[in-house]
There are 2 protein chains.
Amino acid sequence: MAKRMTIRDIAALAGVSKTTVSRVLNNRPDVDAETRERVMKVVEEHGFVPSVAASTLAGRSRLIGALIPELTWPLIPEIMHGVAEVIAQTDYELVLYSVNDRNHQKDRSEILERILERKLVAGLLAIYPGQSTEYLEKLQRQGFPVVILDDQATPSERIPWVSADQRNGAYEATRYLVRLGHRRIAHIRGPLEYQVSHDRFRGYCDALAEAQIMVEPQLIETGDFTLSSGQLCAERLLTLDQRPTAIFAANDLMAQGVYFAAQSLGLRVPEEVTVVGFDDVLFASLMQPPLTTVRQPLDEMGRSAIELLLRMIETPSLPYEWKWSVSERNLSRSVFITHKTHVVVRASCKQLCTPLSLSK
Amino acid sequence: MAKRMTIRDIAALAGVSKTTVSRVLNNRPDVDAETRERVMKVVEEHGFVPSVAASTLAGRSRLIGALIPELTWPLIPEIMHGVAEVIAQTDYELVLYSVNDRNHQKDRSEILERILERKLVAGLLAIYPGQSTEYLEKLQRQGFPVVILDDQATPSERIPWVSADQRNGAYEATRYLVRLGHRRIAHIRGPLEYQVSHDRFRGYCDALAEAQIMVEPQLIETGDFTLSSGQLCAERLLTLDQRPTAIFAANDLMAQGVYFAAQSLGLRVPEEVTVVGFDDVLFASLMQPPLTTVRQPLDEMGRSAIELLLRMIETPSLPYEWKWSVSERNLSRSVFITHKTHVVVRASCKQLCTPLSLSK
DNA sequence: TTGTAAGCGTTATCAG
DNA sequence: CTGATAACGCTTACAA
């Protein structure tokens, strides 16, 4: 295996200086078109790739940091899948910073310190950063590129933010149930300290309002996104005098809890209870019956977040002016990308009657 | 935020040269104990961490590469969880190289080229490397530290290898079924091009032999690890004249397929069919009923693999002589670590009778 | 045991 | 538009 080529070798081969090669490699505008071409030719012939370590040390890192919660959290792998896919097509490499559950604020900020202090990565993608948002803002203010991917939808005014439309997803899901003829539709919310829980609840209420169905307090339960909480809430709902014909759980895990509750009460899904979840995690399609749920386009979200970050890194001057295909608001000079969510219809829902509106 | 400290600052503060600080930081033996202590004190006081970029450029990278298949493959997150946990406690950072399904041999070796050519990482943890093994051997021969974590159990003679005891897991699972009183126990194998499929099948046969039960060819099906294949195989098995009372599927996904087959045939799990899976992926405990399965200690496997790799990197001279707590064979100067697997009992199995042997 | 000095491969600065 | 030259922060012969 030949010794690794350096920028110097390329320079010699192309008959220019290292500097010029560097300029070409970094897409600098101030290079003669012809020179650029000549250099590129040599670069490609030899499959030359600049050393990440050297670039980083010299101040132009080609390393991207990803700050993620436990990889075992169901949504993460899909997001990272999208992220990795984009990175693989670039000169950048991905450095993983995993924060585990137990880590409290202190450890989180320690990790962030570590990230910055080492000046290793060129930018940071923070996925579901939880409490760290405040700290991330500090970084951003110091000129360090940060993109947040989260569902908390309380965007910092300054950090570019990628999210999905939680409210609308819940709205569409509930609307779907209404169209199937359901009128007693229960909702198991997520914990109220999360913004998503409110957004999804809101979507549910909106859909009911539109259908002129009253929101009945007894049909609203509050879980904590765990299976057992879903089960508990569902047990209460399903033993109501007038039990709901459909239950919309705020996430798939609680929906699975509904399945368990139904089973223990001898009720079948979907024949006697219709169930809808949220997230479309990997096992949703494996459930018995396969779960109708609201899909967040997680891989796309990961992709767009990392693409945004890459652009921020490569054009530090005009960071807040991109057009974006998905849906973009330009608030106080920052970027917010909201991805669409949509209902994935599977077998967990039963049609109660055939209202004409369905045909629409 | 104060300017980042460098090794030079530490040196000044401790009243020694950069060289000495470097030596201390790298645990070199040739430093006076007292000096070392003095330096360490300063280092700790200031929470100093050496620059990964600079170290790497200077020839001692603190970056570890992880080559993984799709993150969305069910076993990966748990493994990576263990990996990340260990890395977090060290000075190293983790660089992710994700290979996606579509990538054929060519792309894989391209990634590997990329990994090496950039001289970025100090070593590589290859998780389920598939076809790349051959190439990995080449790296290893060139003195580049590589550890493989795989279930294919055809260890290269030279690359340290971390795995789990597939045969014994299957053996224990089958033995468990025998103890429950089952005698017509079917097995849905994985595809025969994988070594795991054979290992697990072997465990199944061994357990039956021990119980003096004949292996009946009709009770052996071969799937491809997908849900639908499991379902198909199970449908055949469950419509046999003398249908099995228990089905041992070679992975959890096929076990879920068995659930579907049972349901479509109006058979209940576990009342009419007992089911056991393999892997204990995250959703196994969420299945209805929760699946009895064989657990591979994935996080521990990840942990031990990365620890092994770190040791190889830090002691390049004597790479093949460690003691290991789990179970270690020293074959032809390489290290093989085999983790124990064990049966996780959940609700998917029914006891047919109460043989005395159970009390044992 | 410790220090001096020469890289490691880029990028940035500043002249030409 | 192009090219010297000096960083970047650390490791590692080689000397002392």
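Our structure is the block above this text.
Below you will find a few notes about this structure. What you are looking at is a predicted structure, and each value in this text was computed from that prediction instead of being measured.

Each value, and the rule that gives it
Residues numbered from 1 in each chain as written. Chains lettered and ligands numbered in written order. Predicted model: local features only at pLDDT ≥ 70, side-chain atom pairs only at ≥ 80, totals over all residues. Heavy atoms only, no water. Salt bridge = Lys/Arg side-chain N within 4 Å of Asp/Glu carboxyl O. Helix = DSSP H or I, 4+ residues; strand = E, 2+ residues; numbered from the N terminus. Buried < 20%, exposed > 50% of the residue type's maximum accessible area, 1.4 Å probe, protein only. Near = heavy atom within 4 Å. Polar contact = N/O pair within 3.5 Å; in protein donor to acceptor, adjacent residues only side chain to side chain. Nonpolar A, V, L, I, M, F, W, Y, C, P; charged D, E, K, R; others polar. Least-squares fit on C-alpha atoms with pLDDT ≥ 70 in both. Contact = heavy atoms within 4.5 Å. Buried area = accessible area lost by both parts, 1.4 Å probe. Pairing = 2+ DSSP bridges. Axes fitted to C-alpha atoms, helices over the stretch in contact; angles between N-to-C directions.

Here we look at the pattern of salt bridges
All names here are of chain B.
Stage number 1. Scanning the model with the defined rule gives 34 salt bridges over all chains in all.
Stage number 2. Across the salt bridge formed by Arg 60 and Glu 314, the nearest N and O atoms sit 3.5 Å from each other. With Arg 60 in the loop between α4 (52-57) and β1 (63-69) and Glu 314 in helix α12 (residues 298-314), the pair connects residues that are 254 residues apart, well separated along the chain.
Stage number 3. The exposure class of Glu 314 is partly exposed, given its relative accessible area of 45%.

Side note on the protein's contact with DNA strand C
Stage number 1. The local shell around DNA strand C holds 28 residues, among which A:Ile7, A:Ser22, A:Arg62, B:Thr19 and B:Thr35 are the closest.
Stage number 2. Here A:Arg28 contributes a side-chain N or O atom positioned 2.9 Å from a phosphate oxygen of DNA strand C.
Stage number 3. Within the backbone of B:Asp32, an N or O atom sits 2.8 Å from a phosphate oxygen of DNA strand C.
Stage number 4. Broken down by secondary-structure element, the contributors of at least two residues to the surface near DNA strand C are α2 (18-25) and α4 (52-57) of chain A together with α2 (18-25) of chain B.
Stage number 5. For the surface near DNA strand C, the residue count by class is nine nonpolar, ten polar and nine charged.

Considering the relation of the copies chain A and chain B
The second copy of the chain is related to the first by a rotation about an axis and a shift along the axis.
Stage number 1. For the pair chain A and chain B, the superposition axis carries a translation of 0.1 Å, the fit reaches an RMSD of 0.2 Å, and the rotation angle comes to 180°. Taken together, these values place the two copies in the relation of a two-fold axis.

Some details on the interface of chain A and chain B
Stage number 1. At the interface, 52 residues of chain A touch 53 residues of chain B.
Stage number 2. Approximately 4,500 Å² of surface area, both sides summed, lies buried where chain A meets chain B, with 60% of it carried by carbon and sulfur atoms.
Stage number 3. Inspection of the chain A/chain B interface yields eight residue pairs in polar contact (both at pLDDT 80 or more).
Stage number 4. Contributing elements (two or more residues each) for the side of chain A that touches chain B: α4, α5 (76-88), β2 (93-99), α6 (105-117) and α11 (252-264) of chain A.
Stage number 5. Residue contributions to the side of chain A that touches chain B peak at eight residues, all from α5(A).
Stage number 6. For the side of chain A that touches chain B, the class distribution of residues is 29 nonpolar, eleven polar and twelve charged.
Stage number 7. Across three bridges, the pairing between β2(A) and strand β2 (residues 93-99) of chain B is antiparallel. Each bridged residue has a counterpart across the sheet, and for A:Val95 the counterpart in β2(B) is B:Val95.

Observations concerning the sheet that holds strand β8 (residues 246-249) of chain B
Residues and elements named next belong to chain B.
Stage number 1. Pairing in this open sheet of six strands is mixed, and the strands run β7-β6-β8-β9-β10-β13 from one edge to the other. For this open sheet the edge positions go to β7 (220-222) and β13 (342-344), each flanked by a neighbour on one side alone. For this sheet, the mean inter-axis angle between neighbouring strands, taken without regard to orientation, is 20°.
Stage number 2. Bridge analysis of strand β6 (residues 185-189) against β7 gives three bridges, and the strand direction is parallel. Its bridge partner lying in β7, Arg 189 is registered against Thr 222.

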